[in-house]
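# Structure assessment
Each chain, written out:
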Protein chains: 2
Amino acid sequence: MLTLRSSPASPFGRKVKISASLLGLTDRIQVTDADTLNPEDSLRQQNPLGKIPALVLENGETLYDSRVIVEYLDHLAGGGRIFPAGWERFAALRQQALADGIMDAALLQVYEGRFRPTEKHEPKWIDHQADKVRRGLDHAEAYLATPATELHIGHIAQACALGYLDLRFGGRWRENAPKLVAWLADFEARVPAFAKTRVSA
Amino acid sequence: MLTLRSSPASPFGRKVKISASLLGLTDRIQVTDADTLNPEDSLRQQNPLGKIPALVLENGETLYDSRVIVEYLDHLAGGGRIFPAGWERFAALRQQALADGIMDAALLQVYEGRFRPTEKHEPKWIDHQADKVRRGLDHAEAYLATPATELHIGHIAQACALGYLDLRFGGRWRENAPKLVAWLADFEARVPAFAKTRVSA
């Protein structure tokens, strides 16, 4: 049995859970919630960075971060299942990188509220991160909103990024991204794990 | 000709430059500095996240982030050159993830000074990031400080993380990490590109 250390709201953890589901590996993975702020949580022994997700293997080794885990799961499932070959691999990895970047920039805005009193919030920093999200969404709306023929890691990551914006920013991205709204509805209709891993605010 | 958008001090850009050198691709890549804070810089058209490094290909496509670029360069050089096969691939990717995480946590401390006036600095946040760096270094000192037989992306990333701590934090990591100090000296002796890409504070 593999053990996934994550938390219900983590968008990077959700990427791993949905990947595992598409790869038919859900039954081989138990999910154990981790508290990234608790020094006593075994997470910091498993991943020195103290970040989720981390995947504990049967031999005691741990893999991180989410990109490494999803590639390992694909390998366990035979390889080439959610990672295309040739140039398409790099296009998929780039789409994942864009989605991961959107999630990182969204998380940094959330952390601003979690780690600082209001008087220490810095609009310049928050705007800098919000601009990354906005530009990333504009790009995805223009170039990455065609319903996929074969689902790959880029699509999974993009769905998780949009889901995280729904969770933490009230879905305001939907106002200016009609193609992505349709794209996400198509993804959700095809991937039951997306709804199963949704949490409410 | 490929064009790498980066900046001299970027540890992630350095990872790409050293990888290119080890792969014999330096002559095929021109480096053009990018200003991540300037909205007029073409970087934001090349990478919507506005982050460096980004690699502009001959057909006008751009790849990002650094992990995607180094894998693409390895592919251009024939494949499997700085990415081992089998389990060792995942161990190398995990080492890269650890080093990238150290660089991210170090950068967030630097950005604290760059984006905020002193009165808005938050010790709780800075400590949270500094603890990630400290734990990452302790782990590397204990488990990842044996001079490599064959250099791979994990080693390159680790060298860039240590180099960035030298640049921005006065090399204080050296006091508690004698094995890593020796490891980095060995890396530098074997990889001329490491010294060539060093910048001074």
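Residues numbered from 1 in each chain as written. Chains lettered and ligands numbered in written order. Predicted model: local features only at pLDDT ≥ 70, side-chain atom pairs only at ≥ 80, totals over all residues. Heavy atoms only, no water.

## A short note on the domain arrangement of chain A
Residue and element names in this part refer to chain A. For chain A, the assigned domains are domain 1 (2-76) and domain 2 (87-196). Relative placement of domain 1 and domain 2: their C-alpha centres are 20 Å apart. Domain 1 puts 13 residues into the contact, and the matching count from domain 2 is 21 residues. Both faces combined, the contact of domain 1 with domain 2 buries some 1500 Å², and carbon together with sulfur accounts for 71% of it. Taking the shortest distance from any N to any O, the salt bridge between Arg67 and Asp100 comes out at 2.8 Å. Here domain 1 is connected to domain 2 by five residue pairs in polar contact (both at pLDDT 80 or more). When residues of the side of domain 1 that touches domain 2 are traced back to their parent elements, those giving at least two are α1 (11-22) and α3 (66-76). No other element matches the eight residues that α1 contributes to the side of domain 1 that touches domain 2. For the side of domain 1 that touches domain 2, a count of residues per class yields seven nonpolar, two polar and four charged. (Domains from an automatic or database assignment. Contact = heavy atoms within 4.5 Å. Buried area = accessible area lost by both parts, 1.4 Å probe. Salt bridge = Lys/Arg side-chain N within 4 Å of Asp/Glu carboxyl O. Polar contact = N/O pair within 3.5 Å; in protein donor to acceptor, adjacent residues only side chain to side chain. Helix = DSSP H or I, 4+ residues; strand = E, 2+ residues; numbered from the N terminus. Nonpolar A, V, L, I, M, F, W, Y, C, P; charged D, E, K, R; others polar.)

## A look at helix α4 (residues 87-115) of chain B
Given a rise of 1.5 Å per residue, 29 residues ought to cover 42 Å, and the 41 Å separating the end C-alpha atoms of α4 of chain B matches this to within 8%. Within α4 of chain B, 23 of the 29 residues are buried, which leaves the element mostly enclosed by the surrounding structure. (Expected span 1.5 Å × (residues − 1). Buried < 20%, exposed > 50% of the residue type's maximum accessible area, 1.4 Å probe, protein only.)

## Here we look at the sheet that holds strand β2 (residues 29-33) of chain B
Taken in spatial order, the four strands of this open sheet run β2-β1-β3-β4 (chain B), and their pairing is mixed. Of all the strands in the sheet, just β2 and β4 (62-63) of chain B have a single pairing partner and so form its edges. (Pairing = 2+ DSSP bridges.)

## Some thoughts on the interface of chain B and chain A
Interfaces are often sized by the amount of accessible area the parts lose when they come together. Tallying the contact residues gives 46 residues for chain B and 46 residues for chain A. Among the residues of chain B in contact with chain A, Leu49, Phe90 and Phe115 of chain B are the three that bury the most area, contributing 16% of the side total. A salt bridge links Asp65 of chain A to Arg67 of chain B, with the nearest nitrogen and oxygen atoms 2.8 Å apart. Counting across the interface, chain B meets chain A through 20 residue pairs in polar contact (both at pLDDT 80 or more). Of all elements in the fold, only β4, α3 (66-76), α4 and α5 (123-143) of chain B reach the threshold of two or more residues within the side of chain B that touches chain A. Per element, the largest residue contribution to the side of chain B that touches chain A is 14 residues, and it comes from α4 of chain B.

## Examining the packing of helix α4 (residues 87-115) of chain A against helix α5 (residues 123-143) of chain A
Two quantities define a packed helix pair, namely the angle between the axes and the distance from one axis to the other. Residues and elements named next belong to chain A. In the contact formed by α4 and α5, the axes pass within 9 Å of each other and the chain directions differ by 150°. One way to sum up the angle between α4 and α5 is to call them roughly antiparallel. When the axes of α4 and α5 are compared, the crossing they make is left-handed. Along the contact surface, α4 presents Leu98, Ile102, Ala105, Ala106, Leu108, Gln109 and Glu112, while α5 presents Trp125, Ile126, Gln129, Ala130, Lys132, Val133, Gly136, Leu137 and His139. (Axes fitted to C-alpha atoms, helices over the stretch in contact; angles between N-to-C directions. Parallel < 35°, antiparallel > 145°, perpendicular 65-115°, else oblique. Left-handed = near helix turned anticlockwise from the far one by under 90°.)

## Thoughts on the pattern of salt bridges
Inspection of every chain in the model, using the stated rule, returns 30 salt bridges over all chains. In this structure, the salt-bridge partner of Lys120 of chain B is Glu122 of chain A, at a minimum N-O distance of 3.3 Å. Of this pair, Lys120 of chain B sits in the loop between α4 and α5 while Glu122 of chain A sits in the loop between α4 and α5, each in a different chain. Overall, the relative accessible area of 19% leaves Lys120 of chain B in the buried class. Overlapping salt bridges bring together Lys15, Arg67 and Asp100 of chain A together with Asp65 of chain B as one network.

## Comments concerning the side chain of Arg5 of chain B
Residues and elements named next belong to chain B. Looking at the element boundaries, Arg5 is found in strand β1 (residues 2-6). Among the polar contacts made by the side chain of Arg5, one reaches the side chain of Ser42 at a distance of 2.9 Å. Beyond its immediate chain neighbours, meaning those up to four positions away, Arg5 contacts Thr32, Asp33, Ala34, Asp41, Ser42, Leu43, Gln46, Ile52, Pro53, Ala54 and Val56.

## Looking at the relation of the copies chain B and chain A
Two chain copies here: they are related by a rotation about an axis and a translation along the same axis. The two copies are related by a screw operation: chain B maps onto chain A through 180° of rotation and 0.0 Å of translation along the axis, at an RMSD of 0.0 Å. Interpreted geometrically, this transformation is the action of a two-fold axis. Minimal C-alpha separation from the rotation axis in chain B is found for Lys120 of chain B, amounting to 2.3 Å. Both copies present the same face, since 100% of the interface residues in chain B are matched by interface residues at the equivalent positions in chain A. (Least-squares fit on C-alpha atoms with pLDDT ≥ 70 in both.)

## Comments concerning the packing of aromatic side chains
By the definition in use, this model includes 16 aromatic pairs over all chains. Pairing Tyr111 of chain A with Phe115 of chain A gives two aromatic rings, centres 5.9 Å apart and planes at 80°, and the pair type is edge-to-face. Pair noted here: Tyr111 of chain A and Phe115 of chain A are both in helix α4, with a separation of four residues, about one helical turn. Measuring from ring centre to ring centre gives 5.6 Å for Trp183 of chain B and Phe187 of chain B, while their planes differ by 20°; the resulting arrangement is stacked. Here Trp183 of chain B and its partner Phe187 of chain B are both found in helix α7 (residues 178-190), four residues apart, which amounts to about one turn of the helix. For Trp183 of chain B, a relative accessible area of 2% corresponds to the buried category. One aromatic cluster is present, formed by Tyr72 of chain A together with Trp87 and Phe90 of chain B through successive ring pairs. Above the ring of Phe194 of chain A, the side-chain terminus of Arg14 of chain A is found at 3.9 Å from the ring centroid. (Phe/Tyr/Trp six-rings, centres within 6.5 Å; stacked < 30°, edge-to-face > 60°. Lys NZ or Arg CZ within 6 Å of the ring centre and 35° of its normal.)

## Considerations on the side chain of Lys15 of chain B
All names here are of chain B. Within the secondary structure, Lys15 is located in helix α1 (residues 11-22). Within the structure, Lys15 has its side chain in polar contact with the side chain of Asp100 (distance 2.9 Å). Not counting residues up to four positions away in its chain, the partners in contact with Lys15 are Ser66, Arg67, Val70, Gln96, Asp100, Ile153, Ile156, Ala157 and Cys160.

## Side note on the nonpolar core
One finds Leu73 and Phe187 of chain A together with Leu73 and Phe187 of chain B to be the most contacted residues of the largest nonpolar core, which totals 120 residues. Phe187 of chain B has contacts with Ile18, Leu151, His155, Ile156, Ala159 and Phe194 of chain B, leaving out every residue within four places of it along the chain. Ranked by size, the runner-up nonpolar core spans six residues in total, among them Leu108, Phe115 and Trp125 of chain A together with Leu108 of chain B. (Core = buried A, V, L, I, M, F, W, Y, C linked by side-chain atoms within 4.5 Å.)

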